[in-house]
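Here is how the chains run, residue by residue.
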Amino acid sequence: MADFAAHLNQRQSLSRPSFFELVAQDGVETTMRRAFEYFLKQIANYQPENYGWLLHYCDEVYALFSCLLQYHCIYQYGTDLQCALNKRVHDNQTVVDCTS
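The rules behind these values
- Residues numbered from 1 in each chain as written.
- Predicted model: local features only at pLDDT ≥ 70, side-chain atom pairs only at ≥ 80, totals over all residues.
- Heavy atoms only, no water.
- Core = buried A, V, L, I, M, F, W, Y, C linked by side-chain atoms within 4.5 Å.
- Buried < 20%, exposed > 50% of the residue type's maximum accessible area, 1.4 Å probe, protein only.
- Helix = DSSP H or I, 4+ residues; strand = E, 2+ residues; numbered from the N terminus.
- Contact = heavy atoms within 4.5 Å.
- Phe/Tyr/Trp six-rings, centres within 6.5 Å; stacked < 30°, edge-to-face > 60°.
- Salt bridge = Lys/Arg side-chain N within 4 Å of Asp/Glu carboxyl O.

Peer 1: Which residues make up the nonpolar core, and what are the values?
Peer 2: By size, the foremost hydrophobic cluster in this structure holds 6 residues: F36, L40, L54, C58, V61 and Y62. Elements with a minimum of two residues in this core: α1 (19–46) and α4 (58–77). Broken down by element, this core gets its largest block of residues, 3 residues, from α4. Among all residues touching F36, those that are not within four sequence positions of it are V61, Y62 and F65.

Peer 1: Can you break down the packing of aromatic side chains residue by residue, with the values?
Peer 2: Inspection of every chain in the model, using the stated rule, returns 5 aromatic pairs. With a centroid separation of 6.4 Å and an interplanar angle of 40 degrees, the aromatic rings of F36 and F39 are classed as tilted. In this pair, F36 and F39 both sit in helix α1, 3 residues apart, roughly one turn of the helix. F36 sits in the buried class, given a relative accessible area of 11%. A centroid spacing of 4.6 Å and a plane angle of 15 degrees characterise the contact between F36 and F65, whose relative ring orientation is stacked. Of the two residues, F36 sits in helix α1 while F65 sits in helix α4, which places them 29 residues apart along the sequence.

Peer 1: Lay out the environment of K41 in plain terms, naming residues and giving numbers.
Peer 2: Tracing the sequence through the fold places K41 in helix α1. In this structure the C-alpha to C-alpha distance between K41 and L54, which are 13 residues apart in sequence, comes to 8.2 Å.

Peer 1: Describe the pattern of salt bridges, listing the residues and the values that go with them.
Peer 2: For side chains bearing opposite charge, pairing can occur when the charged atoms are close. A complete count under the given rule lists 2 salt bridges for this structure. Note that E37 and R33 form a salt bridge whose closest N and O atoms lie 3.5 Å from each other. Pair noted here: E37 and R33 are both in helix α1, with a separation of 4 residues, about one helical turn. You can call E37 partly exposed: its relative accessible area is 25%. By relative accessible area, R33 is classed as partly exposed at 27%. In this structure, the salt-bridge partner of D59 is R33, at a minimum N-O distance of 2.5 Å. On the criterion of sequence distance, the pair formed by D59 in helix α4 and R33 in helix α1 is long-range, its members being 26 residues apart. A relative accessible area of 46% means that D59 is categorised as partly exposed.

And the structure:
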């Protein structure tokens, strides 16, 4: 009986993202930016004389952080951050097509 329904829980196409992956992909950038700003606020509150300038240049520091993170993901996995976070990269480091 289970042999007849085994295909129901397998994805039809591994190259097509699901609805939930698309929704999560849209929220990654916003969530990471808010978390990074919170992190900078905590650092600036800890030592305002040394790290207070981080809040003034928050956008520039985040842009640098984002560029470094994207570079790392492309260098390490061969794909962008959203695909890497959505586990569209296999464990053996082969890349699944993430174009959607």
